[in-house]
Amino acid sequence: AAVEQVAAFDGTGLLADGTAIPLLANVGGAADAVAAAEARAQGIGLFRTEFCFLDRAEEPTVAEQVAAYRGVLAPFAGRKVVVRTLDAGSDKPLPFATAADEENPALGVRGLRVSVAHPALLAHQLAAIAAAGAAESAQLEVMAPMVATVEEARDFAAACREAGIARTGIMIETPAAALMAAELFAVVDFVSLGTNDLTQYTMAADRLSAPLGALNDPWQPAVLRLIAAVGEAGRAAGKPVGVCGEAGGDPALAPVLVGLGVTSLSMTARSLDRVSARLRTVTAEDCRRAAAAALGAATAAEARSAVAAVLG
Ligand code: PEP
Ligand code: MG
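Residues numbered from 1 in each chain as written. Chains lettered and ligands numbered in written order. Predicted model: local features only at pLDDT ≥ 70, side-chain atom pairs only at ≥ 80, totals over all residues.

Caption draft 1: Layout of the overall build of the chain. Along its length, the chain carries 13 helices and eight strands. For the chain, whose C-alpha radius of gyration is 19 Å, the value lies close to the compact-globule estimate of 20 Å for 312 residues. Expressed as lengths along the three principal axes of its C-alpha atoms, the size of the chain is roughly 55 × 40 × 40 Å. Every one of the 312 residues in the chain was classed for burial, and the buried ones make up 47%. Contacts in the chain between residues at least 24 apart in sequence constitute 66% of all its contacts with a sequence separation of at least 6. (Helix = DSSP H or I, 4+ residues; strand = E, 2+ residues; numbered from the N terminus. Rg over C-alpha atoms; globule rule 2.2 N^0.38 Å. Buried ≥ 20, exposed ≤ 12 C-beta atoms within 10 Å, placed from the backbone. Contact = placed C-beta atoms within 7 Å.)

Structure representation (structure tokens):
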């Protein structure tokens, strides 16, 4: 079969009616950031900072962190970069901060919970992020992974303010956070849906399990309904709702996410061309109709076919 030709992303995410949907990149290090800039990503929507910490016996110094973060920020000088604080624990153990003997590590001390247990680790990282952002004149935003409560978000935002970080957000990766989105928006400037973990925790299915692949599907109506609740809360608060899980890079799902209230999408740089090409073919009204069709479905398969029927 002929390979479908897709126009290269031109650096401006737009719907057919001119609605702007910024398309950003997920990066895990300097090489990814260079590739993302070459692919014309409008910014970085998820900078996974773990690379600086993994395989280390001790916490990296603030100076080491500043140097590592500057390498990622440099290709995006003057543009938006959303830095995620350390998401250790679970499948990403750290000898100096995480416990090795948890029975249920995905439900254990991971993500922001590691930072709560080690406040100095978070303070050092925030200082390094702020210094790197200033040195590279990035439009810096900082967010926390694996938030479950409003107190966690409030304390994180306070720690960011103390470090001089102007814009603070959280990832929505737990059903608890999705259900509390309105209250969470009262204490943060933006949210970003981590659909990989949100799907895993909503469906109670390990995201790395091959036999559970059908459950780990962001088209599952239960997941779509949680995303809709977050989109609605974002609209009510007048604050941005991003997606930075794999779902954001799925060209078939992107219009649905926009219709559910998502205002920007972050993805692996390779997906930018296809997602931008798809979004150029639909209007905001098409996206709303696609989202309504998906929300009315009883199964993931029905959601896919209902959206295909609406959008063609
Ligand atoms: C997610 O969970 O969707 C996410 C973006 O974070 P990670 O894949 O790094 O867990
Ligand atoms: Mg995650």
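Caption draft 2: Structural context of the pairing of strand β3 (residues 80–84). Among the five residues in β3, four count as buried, and that is most of the element. Relative to β3, strand β2 (residues 43–48) runs parallel, the two sharing four bridges. Counted as the bridge partner of Phe 47 is Val 83 from β3. Note on the crossover from β2 through helix α2 (residues 62–73) to β3: the handedness is right-handed. Where β3 meets strand β4 (residues 139–144), five bridges bridge the pair, whose relative direction is parallel. Directly across from Val 81, in β4, lies its bridge partner Leu 140. (Pairing = 2+ DSSP bridges. Right-handed = clockwise from strand over helix to strand, strands pointing away.)

Caption draft 3: Fine view of the sheet that holds strand β7 (residues 241–243). If you trace the eight strands once around the closed barrel, you get β1-β2-β3-β4-β5-β6-β7-β8, paired in parallel fashion. On average, each strand axis in the sheet is inclined to that of its neighbour by 25°, with strand direction left out of account. Bridging between strand β5 (residues 167–172) and strand β6 (residues 190–193) involves four bridges; their strand directions are parallel. Bridge assignment links Ile 172 to a residue of β6, and that residue is Leu 193. Running over the sheet, helix α1 (residues 30–38) touches β1 (23–27) and β2 and is turned about 160° from β1. (Axes fitted to C-alpha atoms, helices over the stretch in contact; angles between N-to-C directions.)

Caption draft 4: Representation of the site of ligand 1 in the model. Inspection of the region around ligand 1 gives Leu 46, Arg 48, Asp 87, Glu 173, Gly 194, Thr 195, Asn 196, Asp 197, Cys 244 and Gly 245 as its neighbouring residues. Elements represented by at least two residues in the shell around ligand 1 include exactly β2 and α8 (195–203). Ranked by the residues each element gives to the shell around ligand 1, the list is headed by α8, at three residues. Tallied by class, the residues present in the shell around ligand 1 amount to two nonpolar, four polar and four charged. (Near = placed C-beta within 6 Å. Nonpolar A, V, L, I, M, F, W, Y, C, P; charged D, E, K, R; others polar.)

Caption draft 5: Summary view of the nonpolar core. Ile 44, Ile 170, Ile 172, Ala 181, Val 191, Val 230 and Leu 257 are the most contacted members of the largest nonpolar core, which has 90 residues in total. When neighbours within four sequence positions are excluded, Ile 44 is seen to be in contact with Leu 24, Ala 25, Val 27, Ala 33, Ala 36, Phe 76, Val 81 and Val 82. (Core = buried A, V, L, I, M, F, W, Y, C linked by C-beta atoms within 7 Å.)

Caption draft 6: Quick look at helix α9 (residues 221–237). Over its 17 residues, α9 runs 24 Å from end to end, which matches the ideal 24 Å to within 8%, given 1.5 Å per residue. Listing the buried residues of α9 in full gives Val 223, Leu 224, Leu 226, Ile 227, Ala 228, Val 230, Gly 231, Ala 233 and Gly 234. Positive backbone phi, at 70°, marks Gly 238, one or two positions downstream of α9. (Expected span 1.5 Å × (residues − 1).)

Everything listed here is a matter of geometry and, on its own, says nothing about what the molecule does.
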